[in-house]
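Survey of secondary and tertiary structure
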Amino acid sequence: HHCRACGDVFCSTCRDASITLASAGKMAAQPACRGCAAVADALRSAERLVGPRQGSVEGWAKVRMALGTARMRDLGVRTREVADRLYDMVESQIRSLEVSARLLSQD
């Protein structure tokens, strides 16, 4: 079976998850590998943190932990690239929030 997100081929046991993807112009649950499902979950968590307050360091750290766990899986090449980029973005956001907090505490 193939994962509808990354296109890699997996046995039915490893492709037992589902994620919401566009299919024929509609958003629908599609079969996905566990790696893509884990990355999609982390991305949803990150999306909830983005907003006027930009989330907390603790919230972003949870996303980083979820992505770290997802990156330990046997991911397909494309999913690995997405997970790595997202992990780097989350790391950057955490550093930015930590610097902002230090600057605010000095005032």
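Nothing here was measured: the structure is a model prediction, and the numbers come from that model.

Points about the overall build of the protein
A tally of regular secondary structure across the protein gives three helices and two strands. For the protein, the succession of helices and strands along the chain, N to C, is β-β-α-α-α. Relative to its 107 residues, the protein shows a buried fraction of 29%. Surface accessibility of the protein: about 7000 Å² in total, with carbon and sulfur atoms responsible for 54%.

Overview of the state of the cysteines
Among covalent bonds in proteins, the disulfide is the one between the sulfur atoms of two cysteines. One pass over the full model with this rule turns up zero disulfides. Looking at the unpaired Cys3, the closest cysteine sulfur is the one in Cys36, lying at 3.7 Å. Left unpaired, Cys6 is separated from the closest cysteine sulfur, that of Cys3, by 3.8 Å. For Cys6, a relative accessible area of 3% translates into the label buried.

Quick notes on the pattern of salt bridges
In total, this model carries two salt bridges according to the counting rule given. Note that Arg64 is salt-bridged to Glu91, the shortest N-O span being 2.9 Å. In this pair, Arg64 sits in helix H2 (residues 57-71) while Glu91 sits in helix H3 (residues 77-106), placing the two residues 27 residues apart along the sequence. Its salt-bridge partner being Arg95, residue Glu91 comes within 3.7 Å of it at the nearest N-O pair. With Glu91 and Arg95 both in helix H3 and four residues apart, this pair spans about one turn of that helix. The partly exposed category is assigned to Arg95, whose relative accessible area is 46%. What emerges from the salt-bridge pattern is a single network uniting Arg64, Glu91 and Arg95.

Remarks on the nonpolar core
If you look at the biggest cluster of nonpolar residues, it comprises ten residues: Ala42, Ala46, Leu49, Trp60, Val63, Leu67, Leu86, Val90, Ile94 and Leu97. Listing elements by their share of this core, those giving two or more residues are helix H1 (34-49), H2 and H3. Top element by residues in this core is H3. It accounts for four residues. Once residues within four sequence positions are removed from consideration, Leu86 is found in contact with Leu43 and Leu67. Residues Cys6, Phe10, Ile19 and Ala32 belong to the second largest nonpolar core, which totals nine residues.

Structural notes on H2
The end-to-end C-alpha distance of H2, which contains 15 residues, comes to 20 Å, matching closely the 21 Å that a straight helix rising 1.5 Å per residue would cover. Among all positions in H2, only Gly59, Trp60, Val63, Leu67 and Ala70 are buried. Axial view of H2: buried residues confined to an arc of 95°, hence all on one face. Seen from the buried face of H2, the exposed residues on the opposite side, beyond 90 degrees, are Glu58, Lys62 and Met65. In this structure, the buried residues of H2 make contact with H1 and H3.

Cut-offs applied
Residues numbered from 1 in each chain as written. Predicted model: local features only at pLDDT ≥ 70, side-chain atom pairs only at ≥ 80, totals over all residues. Heavy atoms only, no water. Helix = DSSP H or I, 4+ residues; strand = E, 2+ residues; numbered from the N terminus. Buried < 20%, exposed > 50% of the residue type's maximum accessible area, 1.4 Å probe, protein only. Areas by Shrake-Rupley, 256 points an atom, 1.4 Å probe, with all protein chains shown as cover. Disulfide = S-S within 2.5 Å. Salt bridge = Lys/Arg side-chain N within 4 Å of Asp/Glu carboxyl O. Core = buried A, V, L, I, M, F, W, Y, C linked by side-chain atoms within 4.5 Å. Contact = heavy atoms within 4.5 Å. Expected span 1.5 Å × (residues − 1). Arc of directions from axis to C-beta.

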